[in-house]
Amino acid sequence: MDRRSLIKHTGIAGVLAAGAAPAVHAQGSVRWRLASSFPKSLDTIYGAAETFARHIKAISGGKFDVSVHPAGELMPAFSVVDGVQQGSIEAAHTAAYYFFEKDDTFAIGGAIPFGLNSRQMSAWTFQGNGLRLMREFYARYNMISFPCGNTGAQMGGWFRKEIRSLADMKGLKLRVGGFAGKVIERLGGIPQNLPGGEIYQALEKGSIDAAEWIGPYDDQKLGFNKVAPNYYYPGWWEGGLQLDLYVNQKAYDALTPEYKALVEAAASAAHVDMQAKYDAKNPTALKQLVGAGARLRPFPADVMSAAFKESMQLYAELSASNPAWAKVYADYARFRGEQNLWFRFAEATFDRFMQGQKL
């Protein structure tokens, strides 16, 4: 079995256990710089890039070294795609929907309101047409993508005041990630797209009325509960945010087949590891937040219904005006319909039963 087959069939652990790392030593040294869109303090989402880099270095015996840089160190959080496209950095770790202003199609690669959950997103990406379609789109920006993490379903965020009905969304200044702001606008809100490291200060000063980030573990680290007590759910705009590793196409093409296989394998390892961390850490953090006074509240039914209606209308409008969106979304929507049909019988029914039990 050659090295590429070994990596494909046994994964990271199998390669290391088989002692295959020395076989890659014959390759030349490679040094990459990776810019993250996230602050170093968030060991979950920023940590996925570090996990990727650690695996690359270990399996290559130190010959392939990726230095990871937090948001703002090499470039601003929302400039990393420009950096990869222009070749000023070799790679970036980020959320695709941050770049919807370049083209709304970016958002489908990350999360869109009322979209796929994390397992469904992985299924579409790896076993459906998702990876092929998104890579075809990203090629326009001189880069190739590798799924590199998922947050799972997110919370709806921290609000200074209670949201009792759809009317309370009018004029609300909400920090929300990227593309979802289009739906918030249609509900009468005022979206604010701020990097993670800037949210607390804006919420504390009152320049925004509410803010969402990801979920309990990160939110606790960022301290949002100290300045906004109402914690809403669910984050209907992010049923499963997939993160991406973007690599400059020229830098990727310069790699040997072995090193290309390492990039894919290390990104896959980081992809699984990120969600495992969130799923493991969020329950304890949520209990601690509630114990400290956070008020858990579901979004009112009229907010959810209006948001869903506006989201579907937005997607129809984009499908009529943006050929790139139309091509990718048509496949995504078909897959979403099939997944919802399946999940409602086994997965969702099992979950609903278990969540009603005293454990």
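Preceding this paragraph is the structure being described.
Being a predicted model, the structure only gives us computed values, none of them experimental.

As a further point, take the pattern of salt bridges. Working definition: two side chains of opposite charge can pair if their charged atoms are close together. A full pass over the atoms with the stated rule returns 14 salt bridges. Among the ionic pairs, R164 bridges to E162, the shortest N-O distance being 3.4 Å. Exposure remark for E162: the relative accessible area of 28% places this residue in the partly exposed category. Residue R186 is joined to E310 by a salt bridge in which the shortest nitrogen-to-oxygen separation is 3.0 Å. Of this pair, R186 sits in helix α6 (residues 181-186) while E310 sits in helix α11 (residues 301-321), and the two are 124 residues apart along the sequence. Connected through shared salt-bridge partners, E162, R164 and R297 make up one network.

All right, on to the sheet that holds strand β3 (residues 91-95) then. Read across the open sheet, the five strands follow the order β2-β1-β3-β10-β4; overall the sheet is mixed. Each edge of the sheet is formed by a strand with only one pairing partner; in this case those strands are β2 (64-69) and β4 (143-150). Across the sheet, the axes of successive neighbouring strands diverge by a mean angle of 25 degrees, strand direction being ignored. Running over the sheet, helix α2 (residues 47-59) touches β1 (30-36), β2, β3, β4 and β10 (242-248) and is turned about 165 degrees from β2. Against the sheet, helix α4 (residues 118-126) engages β4 and β10, with an angle of about 150 degrees to β4.

Under the definition given, this model contains 31 aromatic pairs. Measuring from ring centre to ring centre gives 5.1 Å for W32 and F64, while their planes differ by 85 degrees; the resulting arrangement is edge-to-face. Linking W32 in strand β1 with F64 in strand β2, this pair joins segments that are 32 residues apart in sequence. Judged by its relative accessible area of 4%, W32 is buried. Between the aromatic rings of F179 and Y315, the centroid separation amounts to 6.4 Å while the plane-to-plane angle is 15 degrees, which identifies the pairing as stacked. Placement of the pair is F179 in the loop between β6 (173-175) and α6 and Y315 in helix α11, with a sequence separation of 136 residues. The pair formed by F179 and Y315 is uniform in burial state, with each residue classed as buried. In this structure an aromatic cluster arises from ring pairing among F38, F78, Y97, Y98, F99, F106, F137, Y138, Y141, W213 and Y246.

About the cut-offs
- Residues numbered from 1 in each chain as written.
- Predicted model: local features only at pLDDT ≥ 70, side-chain atom pairs only at ≥ 80, totals over all residues.
- Heavy atoms only, no water.
- Salt bridge = Lys/Arg side-chain N within 4 Å of Asp/Glu carboxyl O.
- Buried < 20%, exposed > 50% of the residue type's maximum accessible area, 1.4 Å probe, protein only.
- Helix = DSSP H or I, 4+ residues; strand = E, 2+ residues; numbered from the N terminus.
- Pairing = 2+ DSSP bridges.
- Axes fitted to C-alpha atoms, helices over the stretch in contact; angles between N-to-C directions.
- Contact = heavy atoms within 4.5 Å.
- Phe/Tyr/Trp six-rings, centres within 6.5 Å; stacked < 30°, edge-to-face > 60°.

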